Amino acid sequence: MVLSRRWALFLAGVGVWTWVIWPRFAVAIWNDPRSWSSGEVGEFPATGFLWVHALLIAASLAIGTTVGVLGVRGWRAAGRRTDRSAT
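Note that this is a predicted model, so its numbers are computed, not measured.

Conventions and cut-offs
Residues numbered from 1 in each chain as written. Predicted model: local features only at pLDDT ≥ 70, side-chain atom pairs only at ≥ 80, totals over all residues. Heavy atoms only, no water. Patch = residues over 30% accessible without salt bridge, like charges linked within 9 Å, V, L, I, M, F, W, Y side chains within 5 Å. Areas by Shrake-Rupley, 256 points an atom, 1.4 Å probe, with all protein chains shown as cover. Salt bridge = Lys/Arg side-chain N within 4 Å of Asp/Glu carboxyl O. Helix = DSSP H or I, 4+ residues; strand = E, 2+ residues; numbered from the N terminus. Buried < 20%, exposed > 50% of the residue type's maximum accessible area, 1.4 Å probe, protein only. Contact = heavy atoms within 4.5 Å. Phe/Tyr/Trp six-rings, centres within 6.5 Å; stacked < 30°, edge-to-face > 60°. Lys NZ or Arg CZ within 6 Å of the ring centre and 35° of its normal.

### Topic: a nonpolar patch on the surface
- Together, W30, V41, F44 and W51 give the surface a local cluster of nonpolar side chains, amounting to about 460 Å² of exposed area.
- Note on placement: W51 falls in helix α2 (residues 48-86).
- Accessibility expressed as a relative area gives 52% for W51, which makes it exposed.

### Details of the pattern of salt bridges
- Inspection of the entire model under this criterion finds one salt bridge.
- Residue R34 pairs with D32 through a salt bridge whose shortest N-O separation is 2.7 Å.

### Considering the side chain of H53
- Looking at where H53 falls in the secondary structure, it is placed in helix α2.
- Excluding anything up to four places from it in sequence, H53 contacts F25 and I29.

### A few points about the packing of aromatic side chains
- Per the stated rule, a full pass over the model turns up five aromatic pairs.
- Ring geometry for W7 against F10: centres 5.6 Å apart, planes inclined by 85 degrees, an arrangement best described as edge-to-face. Taken together, the residues span about one helical turn, with W7 and F10 both in helix α1 (residues 5-30) at a distance of three residues.
- A relative accessible area of 52% means that W7 is categorised as exposed.
- With a relative accessible area of 46%, F10 lands in the partly exposed category.
- Here the aromatic rings of W30 and W36 are separated by 4.6 Å at their centres, their planes lie at 80 degrees, and the arrangement is edge-to-face.
- Here W36 falls in the buried class, since its relative accessible area comes to 2%.
- When the ring centre of W75 is taken as origin, the NZ or CZ atom of R5, which lies over that ring, is 3.8 Å away.

### Some details on unusual backbone geometry
- The peptide bond linking F44 to P45 adopts the cis configuration, its omega dihedral lying at 10 degrees.
- With respect to the element layout, P45 can be found in the loop between α1 and α2.

### A word on the side chain of S35
- By secondary structure assignment, the location of S35 is in the loop between α1 and α2.
- Non-local contacts of S35, meaning those with residues more than four positions away in its chain, are made with I29, A46, T47, F49 and L50.

### Brief notes about the environment of P45
- Assessed through its relative accessible area of 52%, P45 is described here as exposed.
- Through-space distance from the C-alpha of P45 to that of S35 is 8.9 Å; in sequence the pair is 10 residues apart.
- Ignoring anything within four residues of it in the chain, the contact list for P45 reads W36 and S37.

Right under this line is the structure:
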């Protein structure tokens with residue numbers, strides 16, 4: 001598959017965006033009283049609310065990282081194709 005530099009840049013941007021947004025969301029979930037059975041932040045045991053969101057955040061970061069890596073690899077491969085055609 002041939003990936004243009006524009007699409008590669010988009011994919012890399014999605015990877016960066018994922019790492020900007022989801023950690024902030026994780027902090028918000030951690031600080032939410034619904035995450036803790038006692039209602040006190042950090043007082044275990046955690047509720048299903050925290051665990052479901054933790055799984056969502058972990059999956060989103062894994063997918064975002066994969067997409068970002070594919071974007072960087074696509075960008076580098078497109079540059080190599082351009083270099084070969086210039087010679």
